Every structure is written in C-alpha cells, then in structure tokens.
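Breakdown of the fold
Here are the chains, one letter per residue:
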Amino acid sequence: MRVWLVILSFLPLAAQAFCGFYVARADTGLYNRSSRVVLVRDGERTVLTMANDFQGDVKDFAIVIPVPTFIEREQIHVASTAVLDHLDAYTAPRLVEYFDPNPCRRLYRMEMKAMSAAAPGEGAAARAKALGVTVEARYTVGEYDILILSATESAGLVTWLRENGYRLPAGAEAVVGSYLKQGMRFFVARVNLDEFARTGFRYLRPLQVAYETPKFVLPIRLGTLNAQGQQELFLWTLTRTGRVETANYPTVKVPSGQELPLYVKDRFADFYRDLFARQVEEHGGRAVFTEYAWNMAWCDPCAAQPLSRSELRELGVMWLAEAPPVRPLPKPRIAPPRPVDVFVTRLHLRYDARTFPDDLRLHRTGDKSNFQARYVLRHPWDGSDDCPEAKRYRSEILPQRLRRQAENLHRLTGWPLAEIHRAMGLGEPPAPEPWWKRLWP
Amino acid sequence: MSDPRHLQIAILTGMLIYGLGWRDFPGPGWIYLLYPLAALGFQWGFCRIFRLGFDGRSPLISSLSLGLLLHTASAFWAVTAAFVAVASKFLLRIDGRHVFNPTNLAIVITTLATEQVWVSPGQWGLGAFLAVAALLGGMMVLRRTRRGEVTWAFLAAWGMLVFGRALWLGDPAAIPWLQLQNVALLIFACFMISDPMTVPDHRVARIGFAVLVAVVGYVLQYHFYVDEGLFYALALCAPLVPWLNRRLPGTRYRWPRTVPSRR
C-alpha cells in the first residue's frame, strides 16, 4: 500500500535514572525510577553505557555496579547525552499518518476489494584492609570519581561503603555477597564537584565502561533493592548478528501496526503509556518487551535519522572502528539501502524484585527481521466525487473502519469504549448483544 | 497408542501450534513446516539407500522438536539441521545403533556452525511452563517406558545443582526457580536425554549417565556461560554410551514394530 504522507510524533522521552542503583549520600529520598542502558556486544567484547537524569543535588549522587573484570582507566569514558537521546528518538514507538485516496480512482478500487476480503587516606586504607575491601583503583573520568573495589566478603564491603557515606538499602548484603562469589568486582562512581563545575553542564553525562567477558548479563538486582515500587528500564543492544532477547525471561513484541482514531494524534504519549501498562499487566509483569529491532542503516518511517558512524563509535561499536572506512551512510528512504553491520534492539521492561528476581541474562539471536512499535492514523478521503465506490466508501467502509479503530484503541489501552466513541463523535457504542440472541438464529 | 511415539508426536505438534499461535515464535512460519518436510524427505532417501522400509515417526519427532527449540530465518539452515538429524541416525552408528540423539546433534552442529540459528530458552513464560510441565509429566506417567528414570534422574540432578548454587550464593529461591522455568529444559529432559535408543541399556548406567549430563551441562552453562550448555553436554557424553553398554550390558530397547524401521 502506498504511503502518502508520513508524519511522526515522538513519545516524550521518559524520565531516566541508573540501572545499577544509586546510593544516596544524604537523606534526600531518592529512588530509582527508570534507566537508560546501551549494551554493545561483539563476541565477548562489551561496552556498557548508562545514562540518567538524576534529579537531586549532584553531590548526593552515587552508583554501584557489579562488573565482571578489573577496569582500567582507559576502559572508562563519559559519553554525551545527545547520542543516547538520538538513539532513543530513532527507536521510539511511532505514530504514522496515511491519507485515503479518492475511491473513484481505479487503483484504489482494487485495494478496497483486497481490503474487504481481509480485515485487520592511610587510616582509611587500613580500615578497608581490616574489612577485607581492596580499593583496586581510583580514577577521575570527566565529572566522575570512580573506585574499583574487590572484597573478600560482602559484610565488609557493605560496611566500608556505609562508612564512606554511601547509603545502602536493606538487603544489599546478600546481593553483594552473591556477586562477590560470582567473581564480580564493584564499580563505584560519584560526582567530583570541581570537575562537574568545570564541565559547565547542568546534568550528569552517561558513563561508559568497556570490558571483555563471556557473561552477557545486565545486573539489575541491586537496583531493585532501593527502589520504591516498580522501575522502568530501557535497554538498547547493538550487535552484528541480530536481535537480542532475554534468556531467562520471555521477550515479547509490543502490539504494533493497529489503526487508531485520529484524535490519538494529540494524545499519543498517553496512549502508549497506557498500552504499555496494559501489556505489562497482561503478561503478569514478567515479560520484557521489544519495541524496536532494526538494521541501523535505515528506518521506515523514521522517527529520527539513523545514528551516524561517529555516534555509533561513541556508543562503543568497536567493529566499525576496525572496518576500513567506507562511503558515509546513505540517507534513509523507503527502500532499504546497503545495510550497515549494526543491528539495534530496543527492550523495555517494568520491574521490581518480585517480578524480576534475577539479573537479565541476554542472548543474541540470528534474527535480523525488522520490527517497530508503529501505530497508524488514516485520514478519510473527503472529496465530493460521486461514483458507486464513493457511495460505498461513505456508507459502509468508513463507518466500519471507525468502529474498528475505536475497538482497537479500547483493546490496547483499556480506555472506556463510550468515551472513545464520544471523542470520535460516533455517538454511543452499540450495547453488546445478549448471548442468547445468537444461540438459536 | 501402543507405540509411545504417537503420543510424543501429538504432544509436540500441540506445543508447536501453541508456540506459533500464541508465543511469538520468531522467523517465518513456513520454517516450522520445512523442518518436518525436509526430515521426512531425507528419511525416505536414506531408507532407499539402505534398502529399509520407510517409517516417518521418528523423523517427525526429531523435526517437531527442532521446530520447538531451534529458531532460524534461513531455509538453508533449517534444511541442514533436518539433514544432520536424519543423517546422524544412519551414518554415525556404533554396535549397530546410532550414537547421538538426532535433534540434539542437529542443534549442536548448527549453533556451532552459524549465528543464523539460535535457541530461545526464555520464550515461554511461567503459565506455559506449568502447562507444559503438567502435560509432559502426564506423558511420562502414561508412557511408562522402562527408561523413564533417565528423565527423573536428570531433572533431580539439575534441580539440585541449580538450587545448590543458589544456596551457596545466598540467593533467594525465586532465582533458581526462575532458572528451572524453562520449556527447553523440559523438552530436553523428556524427549532428548531420554531417547530410548541412545541411553545406556543398564539401569545404573542410565542414571549415572543422566547425572553426568546434568553436571557437564551445569558447568558449561554457569561457568562458561554457554546458553546451549545442556545440548552440548549431551552430545559430549553420548559417545560414552557404547562403552557403558559394553561394561554394563542390559536389554536393548526396541520400538514396538509394525514395519521394519530404523531409528
């Protein structure tokens, strides 16, 4: 079917926070709400990018992340928030618009036929040693002061962190202990206020860590401890092989492609929020949702342009740096251009300790088929031509379609059908037929 | 239903239909039709070459299991997997019987050979897991084959390893329980490791074999982070079976026969 005009509206980018967990350094009542994480993975090489829009005073900000290996200074980097925002926009759920053509034209008549067939310190060092904690390294990278910690036992590490002003949630000890036994170290970052003032930014930039590990895992367990209620996580993966899914939780595609009433155009953010909440509920809160899976070379329709080579490099796509330079990315268009060797997956989950007790074990698949969360608005044809097709279009096809759109919206979001009908100017929805009327036809 | 394979075919077909219709199985739908068609074709070809009567039941079981476990968007790799499964039965034989479970070998060889095929262990979710567990448990009871203890021994060993690990790490029970909610694990336990043609003949050897596969699979999965660890473990341990059969001889299993067949 021909696309006449494609207009997009984006979701407002949801409020973000870190996936690891913040440790508030003063009683400011912080809690994790949502995180944005990018994982670039090739073989065992991994680059993790974490972003947040931490709302409190930056001096209270701290993060503790388990990492599988020792991390050297050069393995840590501070990225620009703009790249993540771009990736977010590029992969966001999208609303598209189509305009019906004149039904009196021949080409469209055929389409209509087809459609009607199918509907749709030193002292400090001694103390650390006494607690069995080793500060393996200290770095200042950008606005962050970073410690790499290892420990012989969890109680010592937790005590050390508490004594050093990190506010740890209850239950941290057991989780820290589990990670230590799995041979993990801890990456602790807080804000260096002088450096932060020097950057001139008013927000914290994303932190990046590059490492090599056979574990393709995103640790979320610590993050569930200090959260008040559920958190959102947006996880993007960039691989060469294809879509990424979770190995220990079901990965489900969000419903996509439905036609919606036109008034959703002004309420798209509400629509998607409610759709997502309903999906979470339908899957018992225990699923990870795929919102986008696409080759990075193109998009159709584009919610934003694909990321440039330099942006991908900044996110850590190491194999692009190794490949010989080629012509710049072609402009995205309807037909797929030469594919680039980067496949992006956007996963979205809402989780807490009860529904997601374990870390996210990720799994690369060879699936390179494209998927996007895309919703459709169809503007009816409002011409005045008169032909049998136009009559049928006005009396039959259009009313049917409007009812179907209302039905779709109701099913996807749970908004009351009567309200939808009112907003569409359709009058009251038909009362459901009593079941016995169909019993003996 | 005198032949246990009929029940297996019915259950596997039901699960495949459910997976395709309700569980968001990836890849094009025709791949799942290609597996059985290719497997039956290869079986027919090999039967001609070896001058044997054609029996479609065992290639059907192998290919339905492939459809449930091995995902791909590539017709070439789907056909290759079906070929490996069927060919292994005819070509890799010791002491007059095949060494590897056909589905298992096909999964191991294709996942090692290409990134275009993959196993989706977490795809089913809790509700489907419980339903499949009940179904397969029922099948095990109904089938009453003398070799059922392989399944139980394997599941017990695997459960102990996974819960033991959680105990050692101090993790809440929700974590090992989540790790056990795995339909691929159930298919593995009920259709692969328990394949009566490739398990040891002697009861003690069978139980030891099941425990060994669980231990090797556990090491591969939790220490080397190989997601397909269990499948590799079975393929690694399978060559021990002929040796075990010589050391501890027992009665050889035969399918109830109607036509001369070979599996």
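Data block above holds the structure.
One structure accompanies this document, and this report is about it. Within every chain, residues take consecutive numbers counted from 1 along the sequence as written. The order in which chains are written sets their letters, starting at A; the order in which ligands are written sets their numbers, starting at 1. In view of the model being predicted, local features appear only for residues whose pLDDT reaches at least 70, and side-chain atom pairs are presented and counted only at 80 or more, with totals across whole chains, interfaces and linings using the full set of residues. Only hydrogens and water are set aside; all other atoms, that is, all heavy atoms of the structure, feed into the side-chain values.

Any pair of residues with heavy atoms lying within 4.5 Å of one another is described as a contacting pair. Opposite the 27 residues of chain B that make contact, chain A presents 28 residues. Note on chain B versus chain A: buried area summed over both sides is about 2,300 Å², and carbon and sulfur give 52% of it. If you sort the residues of chain B by the area they bury against chain A, B:W118, B:L178 and B:Y225 come out on top, with a joint share of 23%. We define a salt bridge as a contact between a side-chain nitrogen of Lys or Arg and a carboxyl oxygen of Asp or Glu at a distance within 4 Å. The interface formed by chain B and chain A holds two salt bridges in total. Between B:D227 and A:R361 there is a salt bridge, with the nearest N and O atoms lying 3.0 Å from each other. Helix and strand definitions follow DSSP, with helices as H or I runs of at least four residues and strands as E runs of at least two, each counted in order from the N terminus. Those elements giving two or more residues to the side of chain B that touches chain A turn out to be β4 (117-119), α7 (149-169) and α8 (174-180) of chain B. In this description, buried area is defined as the sum, over both parts, of the accessible area (probe of 1.4 Å) that is lost when the two are combined.

Another point: the pattern of salt bridges. Residue and element names in this part refer to chain A. Using the criterion set out here, one finds 27 salt bridges over all chains in the structure. A salt bridge links E195 to R198, with the nearest nitrogen and oxygen atoms 3.2 Å apart. Note that E195 and R198 are positioned in helix α6 (residues 193-199) at a spacing of three residues, about one turn of the helix. Each residue is placed in one exposure class: buried if its accessible area under a 1.4 Å probe, protein chains only, is under 20% of its type's maximum, exposed if it is over 50%, and partly exposed if it falls in between. For E195, a relative accessible area of 24% corresponds to the partly exposed category.

Bringing the environment of A:R243 into the picture now. Relative to the assigned elements, A:R243 resides in the loop between β11 (231-239) and β12 (244-246). Residue classification places A:R243 among the buried residues on the basis of a relative accessible area of 5%. Between the C-alpha atom of A:R243 and that of A:H363, which follows or precedes it by 120 residues, the distance is 8.7 Å. Excluding residues that lie within four positions of it along the chain, A:R243 makes contacts with A:A293, A:F343, A:T345, A:H363, A:R364, A:T365, A:D367, B:P26 and B:W118.

Residues and elements named next belong to chain B. The axes used here are C-alpha line fits, helices contributing only the stretch in contact, and every angle between their N-to-C directions lies in the interval 0 to 180 degrees. Running from N to C, helix α2 (residues 31-49) and helix α4 (residues 75-91) point in directions that differ by 35 degrees, and their axes come no closer than 8 Å. Pair α2 / α4 crosses with right-handed handedness. Of the residues in α4, those touching α2 at I31, L34, Y35, A38, A39, F42, Q43, F46 and C47 are A75, A78, V79, A81, A82, F83, V86, A87, K89, F90 and L91. When the residues that make up the contact of α2 with α4 are grouped by side-chain class, the tally is 18 nonpolar, one polar and one charged. Here a crossing is called left-handed whenever its near helix is offset anticlockwise from the far helix by less than a right angle, and right-handed whenever the offset is clockwise. Note on residue classes: Ala, Val, Leu, Ile, Met, Phe, Trp, Tyr, Cys and Pro are nonpolar, Asp, Glu, Lys and Arg are charged, and everything else, Gly too, is polar.

Turning our attention to the packing of aromatic side chains. Each pair of aromatic rings is reported with the distance of its centres and the angle of its planes. Residues and elements named next belong to chain A. In this scheme Phe, Tyr and Trp rings, the latter by its six-membered ring, pair at centre separations within 6.5 Å, and the angle between planes marks the pair as stacked below 30 degrees, edge-to-face above 60, and tilted otherwise. What the rule picks out here adds up to 29 aromatic pairs over all chains. On the numbers, 5.7 Å between centres and 20 degrees between planes, the contact of F268 with F271 is stacked. One end of the pair is F268 and the other is F271, both in helix α8 (residues 268-282) and three residues apart, which spans about a single turn. Considered together, F268 and F271 belong to a single accessibility category, that of buried residues. Look at W294 and W298: their rings are 5.3 Å apart centre to centre, the planes differ by 65 degrees, and that puts the pair in the edge-to-face class. You can call W294 buried: its relative accessible area is 5%. Overall, the relative accessible area of 11% leaves W298 in the buried class. Feature note: the residues F268, F271, Y272, F276, F289 and Y375 constitute an aromatic cluster, connected by ring pairs. Between R267 and the ring centre of W415, over which it is positioned, the NZ or CZ distance is 4.4 Å. Sitting over the ring of F216, R364 keeps its end group 6.0 Å from the ring centre. Lysine NZ or arginine CZ positioned within 6 Å of the ring centre and within 35 degrees of the ring normal marks a charge as sitting over the ring.

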